Amino acid sequence: MSFPINLDGLIYDFRSIPLVLGSLYGGIPVLILLYLTLILYRSFMGSPNEWIYALSIIPSLIVVVFSLRLYHSSRLYRKIILSVIFITIIKLLTFSIYLASILQIELLFTKPIATIETYILQGIIVGLCVYLIEFLNNHFHMQEEVAKSEKIMIVSEMAAAVAHEIRNPLTVIRGFIQLLGAEELDKEKKNYYQKISLEELDRAQVIITNYLSLAKPDPEMIEIINVNDEITYLSNILFTYSNYNNIQIVVALFEDHPLLVVGDRYKFRQALINIGKNAIEAMNNEGILEIRTNKTNDSIVIIISDNGIGMTSEQIKRLGIPYYSTKDKGTGLGTMVSFGIIRKMNGKIHVTSELGKGTMYEISFPEGDRFNT
Ligand code: ADP
Ligand code: MG
């Protein structure tokens, strides 16, 4: 509105573009806000016939409001067509009513060619914007969906390990309850059996609690995350799975200084769980999974290494590409999701690997508190 085009007496600008896009994607509140802004700015610029203009534009906005539902239930190409129709209606209807009210309707027809050009131009811009918005929306929506389905995958793949892991304490407890039933049992032994049984029950409970927390739907929230706490959680979660696969886990935490990063806690967990799970799966039923944390000058480093089958440099390059998997039941989406989450947290991933020797993931993040100040 500040830089209009002058087409031989007809002043023209692209105010309808934000009006249409804002209303279509922001709904009625945004439409009202944009309407008020438009009227205020117009009067601020000292344009004439303020009230006539304010009223002339209302009918076309009503058309848009009543078409919002239709718009949102349409497919992409119909959305583009509808948005072009809306912007044309807004301009045409508003202009006609306005010019008719100030008795200059003939202005609409004096320069038809020049006017049509501007209609086409604004139509193209709005169509392109709608395409871009829909494309990006779709893209982000897809990524969310993939992350969700990967989470469900992890939960279902770990189910067997969890069931197995719970059976052990149950067997132990069963044995001790049998022993407790013996008649001539001294107090000391009785206490001992009871103590072990309770410990085993607690262990089973921890496994179940951890497992359930994995499956819980999580609210997206950006917060400061204590990396060591999350690594402890990670090792607890992976412990069941690694035990099931005969893998040992070794954790070494950097304790001199709190390691803080910024991000969504549950996403962060998901990213690490998948990398850890891949490491366990790369070691065919024997090996050591090492998880370490460290701090360099300005970043926080998490190292997850295994002594499994390893990868060639070609394979490393393919990590993170959707559907790349060398496993029978692999989805090839785990690393894609993990890498996406880590990059979103401004993290960097460095993978080194040697065939037959093992793989090391070095993940570094900018320090959390620096981020916040
Ligand atoms: P999936 O685990 O379902 O196969 P991912 O995206 O998690 O999918 O992993 C893709 C592939 O990357 C795996 O199939 C495997 O070949 C390879 N890979 C990932 N991590 C490791 C690792 N630590 N050691 C060896 N290969 C790995
Ligand atoms: Mg995986």
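Residues numbered from 1 in each chain as written. Chains lettered and ligands numbered in written order. Predicted model: local features only at pLDDT ≥ 70, side-chain atom pairs only at ≥ 80, totals over all residues. Heavy atoms only, no water.

A separate point is the nonpolar core. One finds Met158, Leu289, Ile302 and Ile304 to be the most contacted residues of the largest nonpolar core, which totals 49 residues. Among the elements that make up this core, the one with the highest residue count is helix α6 (residues 112-180) (8 residues). In this structure Ile302 touches Val227, Ile231, Phe268, Leu272, Arg292, Thr293, Tyr361, Glu362, Ile363 and Phe365, once residues within four positions along its chain are discounted. (Core = buried A, V, L, I, M, F, W, Y, C linked by side-chain atoms within 4.5 Å. Buried < 20%, exposed > 50% of the residue type's maximum accessible area, 1.4 Å probe, protein only. Helix = DSSP H or I, 4+ residues; strand = E, 2+ residues; numbered from the N terminus. Contact = heavy atoms within 4.5 Å.)

Moving on, we get to the site of ligand 1. Among the 20 residues in the neighbourhood of ligand 1, the closest are listed as Ser325, Thr326, Lys327, Thr331 and Thr335. Ser325 places a polar side-chain atom, nitrogen or oxygen, 2.6 Å from an oxygen atom of ligand 1. Coverage of ligand 1 by the protein amounts to 96% of the 540 Å² it exposes when considered alone. Residue contributions to the shell around ligand 1 peak at 4 residues, all from helix α9 (residues 265-282). Within the shell around ligand 1, the residues separate by chemical class into 7 nonpolar, 11 polar and 2 charged. (Near = heavy atom within 4 Å. Polar contact = N/O pair within 3.5 Å; in protein donor to acceptor, adjacent residues only side chain to side chain. Areas by Shrake-Rupley, 256 points an atom, 1.4 Å probe, with all protein chains shown as cover. Nonpolar A, V, L, I, M, F, W, Y, C, P; charged D, E, K, R; others polar.)

In this section: the packing of helix α8 (residues 227-244) against α9. At a minimum axis distance of 10 Å, the contact between α8 and α9 shows a crossing angle of 40 degrees. With respect to each other, α8 and α9 are oriented oblique. Regarding α8 and α9, the two cross each other, and that crossing is right-handed. Residues Val227, Glu230, Ile231, Tyr233, Leu234, Ile237, Leu238, Tyr241 and Ser242 of α8 pack against Arg265, Phe268, Arg269, Leu272, Ile273, Gly276, Lys277, Ile280 and Glu281 of α9. (Axes fitted to C-alpha atoms, helices over the stretch in contact; angles between N-to-C directions. Parallel < 35°, antiparallel > 145°, perpendicular 65-115°, else oblique. Left-handed = near helix turned anticlockwise from the far one by under 90°.)

For the rest of this paragraph, the subject is the environment of Ile237. Tracing the backbone shows Ile237 in helix α8. Residue classification places Ile237 among the buried residues on the basis of a relative accessible area of 5%. Residues Ile237 and Ile207 lie 30 residues apart in sequence; the distance between their C-alpha atoms is 7.7 Å.

Looking now at the sheet that holds strand β6 (residues 287-295). Judged by pairing direction, the sheet is mixed, and its 5 strands sit side by side in the order β4-β6-β7-β9-β8 without closing on themselves. The outermost strands of the open sheet, each flanked by one partner alone, are β4 (247-252) and β8 (348-354). Neighbour-to-neighbour, the strand axes of this sheet turn through a mean angle of 10 degrees, independent of strand direction. When β6 meets strand β7 (residues 299-306), the two strands line up antiparallel, connected through 6 bridges. Each bridged residue has a counterpart across the sheet, and for Arg292 the counterpart in β7 is Ile303. Running at roughly 170 degrees to β4, α8 makes contact with β4, β6 and β7 of the sheet. The strands touched by α9 within the sheet are β4, β6, β7 and β9 (358-366), with β7 carrying the most contacts at an inclination of about 25 degrees. (Pairing = 2+ DSSP bridges.)

Let us look at a nonpolar patch on the surface. A cluster of nonpolar side chains, Leu76, Tyr131, Leu132, Phe135, Leu136 and Phe140, forms an exposed patch at the surface whose accessible area comes to about 590 Å². Looking at which element gives the most residues to the nonpolar patch, the answer is α6, with 5 residues. Mapped onto the fold, Leu132 is located in helix α6. (Patch = residues over 30% accessible without salt bridge, like charges linked within 9 Å, V, L, I, M, F, W, Y side chains within 5 Å. Salt bridge = Lys/Arg side-chain N within 4 Å of Asp/Glu carboxyl O.)

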